[in-house]
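Summary of structural features
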Amino acid sequence: MAGFMQNMAGMGAMSDQVIATDFLIASKTGVKNIAMAITETSTPEVRQTLKQYLMDAVDTHEQIFKYMVDKGYYHPNNLAEQLNVDITASQTAMNLSQQ
């Protein structure tokens, strides 16, 4: 575990990108799961509560998305730039596994 933490500490700003990416993926999963739960509920009160949770989850996703774009971690409108970011992240991950 100590070696893992040392490797993570050596990543510098990359660790922020990894955390943000994981958070973005988790928020997308949350949106999907809440939306599915809405379709499965039979009571209006539960449905209304879940709809509010869904809107909160969408807002959270938007905040994470904007953070990642502002930091240069995510380039949804520039495929070439996003590919460069993804390749760099992949190379970093491969280097960590070799250490």
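My aim in this report is to walk through the structure given alongside it, one point at a time.

Conventions adopted
- Residues numbered from 1 in each chain as written.
- Predicted model: local features only at pLDDT ≥ 70, side-chain atom pairs only at ≥ 80, totals over all residues.
- Heavy atoms only, no water.
- Helix = DSSP H or I, 4+ residues; strand = E, 2+ residues; numbered from the N terminus.
- Buried < 20%, exposed > 50% of the residue type's maximum accessible area, 1.4 Å probe, protein only.
- Contact = heavy atoms within 4.5 Å.
- Areas by Shrake-Rupley, 256 points an atom, 1.4 Å probe, with all protein chains shown as cover.
- Phe/Tyr/Trp six-rings, centres within 6.5 Å; stacked < 30°, edge-to-face > 60°.
- Salt bridge = Lys/Arg side-chain N within 4 Å of Asp/Glu carboxyl O.
- Expected span 1.5 Å × (residues − 1).

1. A few points about the overall build of the protein chain
Scanning the protein chain for helices and strands turns up four helices and zero strands. Order of helices (α) and strands (β) in the protein chain, N terminus to C terminus: α-α-α-α. Expressed as a percentage of the 99 residues in the protein chain, the buried residues total 20%. Of all intrachain contacts in the protein chain linking residues separated by at least 6 positions in sequence, the fraction that spans at least 24 positions is 53%. Of the roughly 7,100 Å² of accessible surface on the protein chain, a fraction of 59% belongs to carbon and sulfur atoms.

2. Things to note about the environment of Ala37
If you trace the backbone, Ala37 turns up in helix H2 (residues 14-40). Residues Ala37 and Leu54, spaced 17 residues apart in sequence, show a C-alpha to C-alpha distance of 9.9 Å.

3. Some remarks on the environment of Ala26
For Ala26, the position within the fold is in helix H2. Each C-alpha atom of the pair Ala26 and His61 lies 9.0 Å from the other, and the pair is 35 residues apart in sequence.

4. Concerning the packing of aromatic side chains
Here the structure, examined in full by the defined rule, presents two aromatic pairs. Taking the centre distance of 5.5 Å and the plane angle of 85° together, the rings of Phe65 and Tyr74 count as edge-to-face. Residue classification places Phe65 among the partly exposed positions, given a relative accessible area of 28%. For Tyr74, a relative accessible area of 24% corresponds to the partly exposed category. Note on Tyr67 and Tyr73: the rings are 6.1 Å apart at their centroids and 65° apart in plane angle, and the pair reads as edge-to-face. Judged by its relative accessible area of 36%, Tyr67 is partly exposed. Overall, the relative accessible area of 11% leaves Tyr73 in the buried class.

5. A look at the pattern of salt bridges
For the structure on display, the rule yields one salt bridge. Of the charged contacts in the structure, one is a salt bridge between Lys66 and Glu62, with a shortest N-O distance of 3.1 Å. Taken together, the residues span about one helical turn, with Lys66 and Glu62 both in helix H3 (residues 44-71) at a distance of four residues. With relative accessibility at 46%, the residue Lys66 sits in the partly exposed group.

6. Focus on H3
For an α-helix the count is 3.6 residues per turn, leaving residues at separations of three or four pointing the same way. For H3, with 28 residues, the first-to-last C-alpha span of 41 Å sits near the 40 Å given by 1.5 Å per residue. The set of residues buried in H3 consists of Leu50, Leu54, Ala57, His61, Ile64 and Met68. One or two residues past the end of H3 sits Gly72, with phi positive at roughly 85°.

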